[in-house]
Amino acid sequence: MMTLPGRTSWSGILVLTGSLVITSCAHDTYQERANLIKGHTEAFYNDLKANRVESAIRENERIETMASEMGQTVRKRASKQGATQVEREFALMKTANETAAANWLALGQYFAIKKQYPQARATYQRVVDTYTNPTDRSYREQAARALQDLDILNPPAGTAKTP
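A few words now on the pattern of salt bridges. Proximity of charged atoms lets side chains of opposite charge pair with each other. A full pass over the atoms with the stated rule returns 7 salt bridges. For the salt bridge of Asp47 with Arg52, the shortest nitrogen-to-oxygen distance reads 2.8 Å. By relative accessible area, which is 8% here, Asp47 ends up buried. For Arg121, the salt bridge is made with Asp151, and the minimal N-O distance between the two is 3.3 Å. Of the two residues, Arg121 sits in helix H4 (residues 117-130) while Asp151 sits in helix H5 (residues 137-153), which places them 30 residues apart along the sequence. When its relative accessible area of 19% is taken as the criterion, Arg121 is described as buried. Since its relative accessible area comes to 34%, Asp151 is described here as partly exposed.

Here's what the structure looks like:
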């Protein structure tokens, strides 16, 4: 009789351990992607500080790609998986999207500070044109205001100046 409870005890421990491993794997995937976003963001700002604009742009494009891929995953899994997993995936997608939009605004500021006004305009216009979801409104508004500020600093070609 002693062997049966012992086996049940070991079976319970194995089931519990297996559950913990599965749970930690699910968490690790989410955390891994969150860490990737963080890593790309850090690389973006490090590249800007070192005046490696092309590299910074590539890092931000990677974040946008991640957001897009996560959006596709959310749409596919919405009807198949539990709400919690989809909500987590959606939250991570939203974070990646917001991070990319904020990075584009920072790049526009970088160009404006460097007096590279055409590049600044193009960057801000990219935010206005790309981030069209209702949740992106604040980023579009910031970009639109920045475009107006650029018109003060450096009026577009063909604009008549009044004395």
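Before going further, it helps to examine the environment of Thr73. Structurally, Thr73 is set in helix H2 (residues 53-77). Judged by relative accessible area, which is 21%, Thr73 ranks as partly exposed. With 13 residues separating them in the primary sequence, Thr73 and Val86 have C-alpha atoms 8.6 Å apart.

This next bit is on unusual backbone geometry. For Asn51, which is not glycine, the phi dihedral falls at a positive 60 degrees. For Lys115, which is not glycine, the phi torsion reads 60 degrees and is therefore positive. Within the element layout of this structure, Lys115 appears in the loop between helix H3 (83-113) and H4. Using a relative accessible area of 60% as the deciding quantity, one classes Lys115 as exposed.

Per the stated rule, a full pass over the model turns up 2 aromatic pairs. Centre to centre, the rings of Phe44 and Tyr45 are 4.9 Å apart; their planes meet at 85 degrees, and the pair counts as edge-to-face. Seen from their ring centres, Tyr110 and Phe111 are 5.7 Å apart, and the 65 degrees between their planes marks the pair as edge-to-face. Overall, the relative accessible area of 14% leaves Tyr110 in the buried class. When the ring centre of Tyr30 is taken as origin, the NZ or CZ atom of Arg88, which lies over that ring, is 4.2 Å away.

Rules behind the numbers
- Residues numbered from 1 in each chain as written.
- Predicted model: local features only at pLDDT ≥ 70, side-chain atom pairs only at ≥ 80, totals over all residues.
- Heavy atoms only, no water.
- Salt bridge = Lys/Arg side-chain N within 4 Å of Asp/Glu carboxyl O.
- Buried < 20%, exposed > 50% of the residue type's maximum accessible area, 1.4 Å probe, protein only.
- Helix = DSSP H or I, 4+ residues; strand = E, 2+ residues; numbered from the N terminus.
- Phe/Tyr/Trp six-rings, centres within 6.5 Å; stacked < 30°, edge-to-face > 60°.
- Lys NZ or Arg CZ within 6 Å of the ring centre and 35° of its normal.

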